[in-house]
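# Structural overview
Letter by letter, the chains look like this.
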Amino acid sequence: MELENQHKDIPGNPSTAKTSQQRLRRFADAESLRVLSLEDWEFWLKQGYVVIKNAISREQALNTAAFLWEFEEKNPDDQGTWYTSPRSEMRMKELAGTGMVEVYNHQELWNNRQTQRVYDAFVDIWGTEKLWVTIDRANLNFPIRPGYEYKGFIHWDYDPATKPQNVQGVLALNDQTDESMGGFQCIPWLYRNFETWNLTQPDDRDRFKPDVSDLQDKIVKVPLKAGDLLIFNSLEPHGIRPNLTENKVRIAQYISMMPAQEENESLRQWRIESWRNRVAPEGFAFPGDPRNWEQTKYETAVLSTLGEKLLGMRKW
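Presented here is a report on the structure given in the accompanying data block. (Residues numbered from 1 in each chain as written. Predicted model: local features only at pLDDT ≥ 70, side-chain atom pairs only at ≥ 80, totals over all residues. Heavy atoms only, no water.)

Reading across from one edge, β1-β8-β5-β10-β4-β2 is the order of the six strands in this open sheet, with antiparallel pairing throughout. At either end of the open sheet lies a strand with only one pairing partner, and these are β1 (49-52) and β2 (100-101). Bridge count between strand β4 (residues 138-141) and strand β10 (residues 250-254): four bridges; the pairing is antiparallel. If you follow Asn141 over to β10, its bridge partner there is Arg250. Where helix α3 (residues 58-71) meets the sheet, its contacts fall on β2, β4, β5 (167-172) and β10, and the angle it forms with β10 comes to roughly 100 degrees. The strands touched by helix α5 (residues 116-126) within the sheet are β1, β5 and β8 (229-233), with β8 carrying the most contacts at an inclination of about 20 degrees. (Pairing = 2+ DSSP bridges. Helix = DSSP H or I, 4+ residues; strand = E, 2+ residues; numbered from the N terminus. Contact = heavy atoms within 4.5 Å. Axes fitted to C-alpha atoms, helices over the stretch in contact; angles between N-to-C directions.)

As structure tokens, this is what we get:
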């Protein structure tokens, strides 16, 4: 199954559908929420994002970060090892140089995906227990240097005018409380006011990249600590900002969940094979590792019962 054929018109992760047939949850009370507080829930509805503190343990986060350094053949204590040419061409050009780590199915990543608190947070957001997790990668966002420069960006992974029913997530693997070290940024104002704003935009505008020249004062930089999970609505304009520090590295894993599509047998089988054979989604912006280290150096991840359901191997 070639997932790229399903998603050649959008940059979103192709390991799940680009939009759910089930609408995102709109109402909740304290008794129905597993992880979010009512204050968190109201914040989510208004701002389009929410932070779940300690979604995984700090130790687990740092263990995953250590694995990413190993996978990238870089030493966290030796900046001379940090700056190397990319192994694969990135079709989504704004991501070039932002430190995407082309690993998708290692045990460390699956440990985080199948953590109960992570899953419960997405249950709160969707209002259903029957979820699949995205098969996604990680990030080592280094300080910019001559020859290794990139601009911060704001974009959507889905055309917001189509009203996609989806969410995305970022799991912090180290502390990211210094605004200068890069990391997640978004524009909740535009999330809330898209319809009005859209009326003022030219017809030929890029539907995935808003002109934010007049919105600089509305950009929110979200601080995170190791183990925190940030979930954001796919209608939220978002991106990565440049790392302007001397020696700090932003480290993260991308995790999201959406309602399971157990009736889509071809996608379900692709997901199982991706896990079993450690295969990247490919598609618009997920080129994979040309060294094939996932296949040659690491074993297939061991899944819990929850992990098997989140993959699609065990039906809900």
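This brings us to the sheet that holds strand β9 (residues 238-243). Read from one edge to the other, the open sheet built from three strands follows the order β7-β6-β9, with strand pairing classed as antiparallel. Among the strands making up the open sheet, the edge pair consists of β7 (220-221) and β9. In this sheet, β9 lies alongside strand β6 (residues 181-186) in antiparallel orientation, the contact comprising five bridges. When the bridges of β9 are listed, Phe184 appears paired with Ile240.

As a further point, take the environment of Asn198. Relative to the helices and strands, Asn198 is located in helix α6 (residues 188-198). A relative accessible area of 26% places Asn198 in the partly exposed class. (Buried < 20%, exposed > 50% of the residue type's maximum accessible area, 1.4 Å probe, protein only.)

Moving on, we get to α5. Within α5, nine of the eleven residues are buried, which leaves the element mostly enclosed by the surrounding structure. For α5, the set of buried residues is Val118, Tyr119, Asp120, Ala121, Phe122, Val123, Asp124, Ile125 and Trp126. At the C-terminal side of α5, Gly127 shows a positive phi close to 80 degrees.

Let us look at helix α2 (residues 38-47). For α2, every residue scored as buried is listed here: Trp41, Trp44 and Gln47. Projected onto a plane normal to the axis of α2, the buried residues spread over an arc of 155 degrees and lie on a single side. Exposed and facing more than 90 degrees away from the buried side of α2 are Glu39 and Lys46. (Arc of directions from axis to C-beta.)

The next point concerns unusual backbone geometry. Phi is positive for Lys163, which is not a glycine, with a value near 55 degrees. Tracing the chain through its elements places Lys163 in the loop between β4 and β5. The exposure class of Lys163 is partly exposed, given its relative accessible area of 38%.

What follows is about the packing of α2 against α6. Their axes nearest at 8 Å, the elements α2 and α6 cross at an angle of 60 degrees. Between α2 and α6, the angle is such that the two are oblique. Mapping the contact onto sequence places Trp44, Leu45, Lys46 and Gln47 in α2 and Pro188, Tyr191 and Arg192 in α6. Of the residues contributing to the contact of α2 with α6, the split by class is four nonpolar, one polar and two charged. (Parallel < 35°, antiparallel > 145°, perpendicular 65-115°, else oblique. Nonpolar A, V, L, I, M, F, W, Y, C, P; charged D, E, K, R; others polar.)

This structure, assessed with the given rule, holds 16 aromatic pairs. Both rings, one in Trp69 and one in Trp82, keep their centres 5.8 Å apart while their planes meet at 40 degrees; by these two values the pair is tilted. Pair noted here: Trp69 is in helix α3 and Trp82 is in the loop between α3 and β2, with a separation of 13 residues, a long-range link. Three or more aromatic residues link up through ring pairs in this structure, and these residues are Trp69, Trp82, Tyr83, Phe142 and Tyr148. Across from the ring centre of Trp189, 5.2 Å away, lies the NZ or CZ of Lys218, which sits over that ring. We note Arg291 situated over the ring of Phe71; from NZ or CZ to the ring centre the distance is 4.8 Å. (Phe/Tyr/Trp six-rings, centres within 6.5 Å; stacked < 30°, edge-to-face > 60°. Lys NZ or Arg CZ within 6 Å of the ring centre and 35° of its normal.)

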